[in-house]
Structure formats: structure tokens, C-alpha cells
Amino acid sequence: MRLIVTRPRAQAAAWVRELQALGQQVSALPLIEIAALDDPAPLHRAWQQLDTYTLVVFVSANAVQHFFGAAPADSGWPAGVLAGSTGPGTSAALRAAGVADAVLVEPAADAPAFDSEALWAQVSGRDWPGRRVLVVRGEDGRDWLAETLRARGAEVDFVAAYRRRPPLCGAEETALLQAALAAPAAHLWLFSSSEAVANLRALAPAADWSRSAALASHPRIAQAARAAGFGRVDLTAPAPAAVVALIGARPGGAAPIESSPQ
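My aim in this report is to walk through the structure given alongside it, one point at a time. (Residues numbered from 1 in each chain as written. Predicted model: local features only at pLDDT ≥ 70, side-chain atom pairs only at ≥ 80, totals over all residues. Heavy atoms only, no water.)

**Brief notes about the overall build of the chain**
Keep this limit in mind: Numbering of helices and strands starts at the N terminus; helices are DSSP runs of H or I of at least 4 residues and strands are runs of E of at least 2. The atom set for the radius of gyration is the C-alpha atoms, and the globule formula is 2.2 Å times the number of residues raised to the power 0.38. Relative accessibility decides the category of a residue: with a 1.4 Å probe and only protein chains considered, values under 20% of the type maximum give buried, values over 50% give exposed, and everything between is partly exposed. Contacts are residue-level and defined by heavy atoms, with any inter-residue pair within 4.5 Å sufficient. Neither His nor the chain ends contribute to the count of charged residues, in which Lys and Arg are positive and Asp and Glu negative. For this purpose, a charge sits on NZ of Lys, CZ of Arg, CG of Asp or CD of Glu.
The number of helices and strands found in the chain is 10 helices and 12 strands. A compact globule built from 262 residues would reach a C-alpha radius of gyration of about 18 Å, and the chain, at 19 Å, matches this within 12%. Taken along its principal axes, the extent of the C-alpha atoms in the chain is 55 × 35 × 35 Å. Counting only residues that meet the buried cut, the chain has 47% of its 262 residues in that class. Looking at the chain alone, contacts between residues at least 24 apart form 65% of all its contacts between residues at least 6 apart. If the 22 positive side-chain charges of the chain are averaged to one point and the 24 negative ones to another, these points end up 4 Å apart.

**Looking at the side chain of N62**
Spelled out, the test is: Here a polar contact means two N or O atoms within 3.5 Å. Within protein one must be a hydrogen donor candidate and the other an acceptor candidate, and residues neighboring in sequence count only if both atoms are side-chain atoms.
Along the chain, the position of N62 falls in helix α3 (residues 61-69). Within the local environment of N62, its side chain forms a polar contact with the side chain of Q11, the two groups lying 3.2 Å apart. Contact partners of N62, with chain neighbours within four places excluded, come to P8, Q11, I34 and Y162.

**Overview of the pairing of strand β12 (residues 232-235)**
Remember that side chains alternate between the two faces of the sheet whenever the strand is regular. Quick reminder of the rule: At least two DSSP bridges between two strands are needed for those strands to be called paired. Note on handedness: a clockwise path from strand one over the helix to strand two, with the strands aimed away from the viewer, defines a right-handed crossover.
In this sheet, β12 lies alongside strand β11 (residues 213-216) in parallel orientation, the contact comprising 4 bridges. Pairing of L215 across the sheet is with D234, part of β12. Since β11 and β12 lie parallel, the crossover through helix α9 (residues 219-228) that links them has a hand, and here it is right-handed.

**Points about helix α5 (residues 116-123)**
Looking only at α5, the buried set comprises S116, A118, L119, W120 and V123. Contacts made by the buried residues of α5 are with β4 (55-58), β5 (82-85), β6 (104-105) and α6 (144-151).

**Details of the pairing of β11**
Alternating residues of β11 divide into A213 and L215 and A214 and A216, and every residue in both groups is buried. The pairing of strand β10 (residues 187-191) with β11 spans 4 bridges and is classified as parallel. When the sheet's bridge partners are listed, L190 is paired in β11 with L215.

**Looking at the sheet that holds β11**
For clarity, the cut-off: Each axis is a line fitted through C-alpha atoms, and for a helix only the stretch in contact is used; angles between axes span 0 to 180 degrees, taken between their N-to-C directions.
Spatially, 5 strands are ordered β2-β1-β10-β11-β12 in an open sheet, and the strand pairing comes out parallel. Taken across any chain shown, the strands that pair with only one partner, and hence form the sheet edges, are β2 (26-28) and β12. This sheet shows a mean twist of 25° between the axes of neighbouring strands, independent of strand direction. Bridge analysis of strand β1 (residues 2-5) against β10 gives 4 bridges, and the strand direction is parallel. Paired with R2 across the two strands is H187, which belongs to β10.

**Section: α6**
Note the threshold: The arc under discussion is defined with respect to the helix axis, by the directions toward the C-beta atoms.
Taken residue by residue, α6 has L145, A146, T148 and L149 as its buried positions. Down the axis of α6, the smallest arc covering the buried residues is 165°, so these residues share one side. For α6, the exposed residues set more than 90 degrees away from the buried face come down to E147 and A151. Each element contacted by the buried residues of α6 is listed here: β4, α5, β7 (132-137) and β8 (155-160). Positive phi shows up at G153, right after α6, with a value of about 100°.

**With respect to the packing of aromatic side chains**
Note the cut-off: Ring pairs shown here join Phe, Tyr and Trp side chains whose ring centres sit within 6.5 Å, with only the six-membered ring taken for Trp; geometry is labelled stacked below 30 degrees between planes, edge-to-face above 60, and tilted in between. Whether a charge sits over a ring comes down to the Lys NZ or Arg CZ being within 6 Å of the ring centre and within 35 degrees of the ring normal.
Tallying each qualifying case throughout the model produces 11 aromatic pairs. For the pair F68 and W77, a centre-to-centre distance of 5.9 Å together with 25° between the ring planes defines the contact as stacked. Each member of the pair F68 and W77 is classed as buried. A ring pair is formed by W209 and F230, whose centres lie 5.0 Å apart and whose planes are at 10°; its orientation type is stacked. Of this pair, W209 sits in the loop between α8 (194-203) and β11 while F230 is found in the loop between α9 and β12, placing the two residues 21 residues apart along the sequence. With a relative accessible area of 3%, W209 lands in the buried category. An aromatic cluster is present here, built from W47, F58, F67, F68 and W77 joined pairwise through their rings. The ring of Y53 carries R132 above its face, with NZ or CZ at 4.3 Å from the centroid.

**Description of the pattern of salt bridges**
Where charged atoms of side chains with opposite charge meet at close range, the side chains can pair. Let me state the cut-off plainly: By definition here, a salt bridge exists when the distance from a side-chain nitrogen of Lys or Arg to a carboxyl oxygen of Asp or Glu is within 4 Å.
Taken as a whole, this structure holds 11 salt bridges when the rule is applied. Residue D101 pairs with R95 through a salt bridge whose shortest N-O separation is 2.6 Å. Exposure remark for D101: the relative accessible area of 52% places this residue in the exposed category. The structure contains a network of salt bridges with shared partners spanning R95, D101 and E106.

This is a description of form; function is not addressed.
Below, the structure written as C-alpha cells:
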């Protein structure tokens with residue numbers, strides 16, 4: 001079975017390498033395109049004010065890469081400012097950008113899901129009235145964490161670090177999509193974003209996904225895949241080794257972590 005990784009191009013390439021090293025047949029079909037903003041001025045202003053925040057939350061590795069890409073020359077992470085991460089990929093990007101573990105706040109390794117709720121579990125016990133928080137994300141996103149922090153008295157700002165666009169599929173990606181539609185039993189989709197599912201539906205609006213299967217890294221993403229019509233959707237941890245282990249269990253009839261009704 002060939003696994004189809006749908007992450008944005010840069011992250012998809014890294015996942016393909018890791019999955020291939022684990023012996024998995026895999027191809028990339030990026031379903032979200034990440035683009036730089038036309039106007040980087042808001043990012044520059046955010047860097048100038050960075051030391052006024054108690055916590056800076058990064059919603060994704062893309063947020064990290066584009067935010068640090070706009071950093072002034074010779075700048076470093078301000079001492080005492082916490083860097084919040086929603087999952088392992090974001091944490092790895094923050095460490096690669098030079099953020100020390102001492103100020104990195106991330107979900108517990110055994111968290112049931114890697115998301116804003118899991119990050120909140122790590123910071124909910126802090127004193128938030130009057131504290132400033134910056135959320136670094138794309139041009140839009142979930143507001144749950146911001147609303148929760150505001151309800152606890154924090155002042156929350158947003159800054160867009162990048163924009164998301166529908167994918168531009170070349171000949172190779174188009175051929176892979178057609179192959180997956182023609183032979184659904186030989187392909188398995190891996191979704192890490194509900195937006196990726198929506199973009200796939202837009203690419204193939206007449207497709208019947210009832211004989212196709214998918215893995216999803218979060219219950220909300222699994223719900224989106226089921227709504228698109230996928231016949232089977234299993235939840236997986238967002239790590240290559242976990243994905244390969246789950247794929248290995250499926251043919252033998254082992255119970256999935258969670259699957260859609262048949």
C-alpha cells in the first residue's frame with residue numbers, strides 16, 4: 001500500500017524521507033501551499049515588541065519558519081519569553097530556530113492530541129491577568145486558545161506569518177491523484193489538516209471516496225475526512241514511526257485507534 005502524504009511541500013518532503021527510511025512506500029501530494037506574505041511589516045513590528053510578551057504561541061512549524069525568517073539580523077529569542085508549541089513538529093522547528101528548552105512550552109508527550117487544548121493544559125495554571133500573549137499563525141485560524149486566555153485576563157494579539165493557498169498540482173501530483181482514485185485499495189491518505197481534506201475535495205469534486213482509506217492526526221481532521229466520504233478513517237499519532245506501526249497493524253486485522261463506521 002502506498003501512503004500519500006498531504007502536508008505542505010517542505011514538511012511533506014521531510015516526512016517522505018523518514019517514512020522511506022522506515023520501509024514505507026510513500027509519495028507526496030501537497031494539498032496546501034504555503035506562501036510568504038506580501039507585506040512583512042507586521043512581522044517586523046512583532047519582533048520589535050517581542051520582549052513585551054509573556055508567551056508567544058506558534059501554531060505550526062510553518063509559523064515558526066516564516067516568523068524567524070523575518071527576524072532582524074543578529075536577533076535572538078528574548079530571555080524569559082515563553083515559546084508555546086502545539087505539537088512535536090512545531091517544537092522541533094523552534095529548537096532548530098534556537099529557542100532553548102527552558103522557555104519552550106509544549107503538550108505532554110502522552111497528550112491525547114497535539115493541539116491548542118493540549119498546550120493550554122501546560123499553561124493554564126499560570127497567572128494571566130494583565131499578561132500579553134502573541135499568537136503566530138497563518139492569515140486565519142482557530143481562536144479557541146485566544147478566547148480562553150482572554151477569559152483568564154490576558155491580552156492576546158495575532159500576527160500572520162504566512163498565507164495558505166490551494167495546491168498547484170503538476171503532472172506528477174495529478175498522476176498520483178488519478179492513480180489513487182483508480183486503485184483506492186492500493187493507496188492510503190495521510191491528513192494533518194482539515195483544510196487539506198477540503199482542498200482535495202475541490203481538486204476532485206466528483207470523486208467517490210467510499211472505497212478509500214485515510215489516516216488523520218487529530219479527531220477534527222478525521223471528522224473532515226469522514227464528511228468527505230472516506231470509507232475508513234483511522235487516527236494516528238503525528239509521527240512517522242507511529243504511522244508505519246499503524247499501517248502494519250491494519251492488514252492483520254488489529255483494531256485501529258479509531259475508525260469510521262463501515
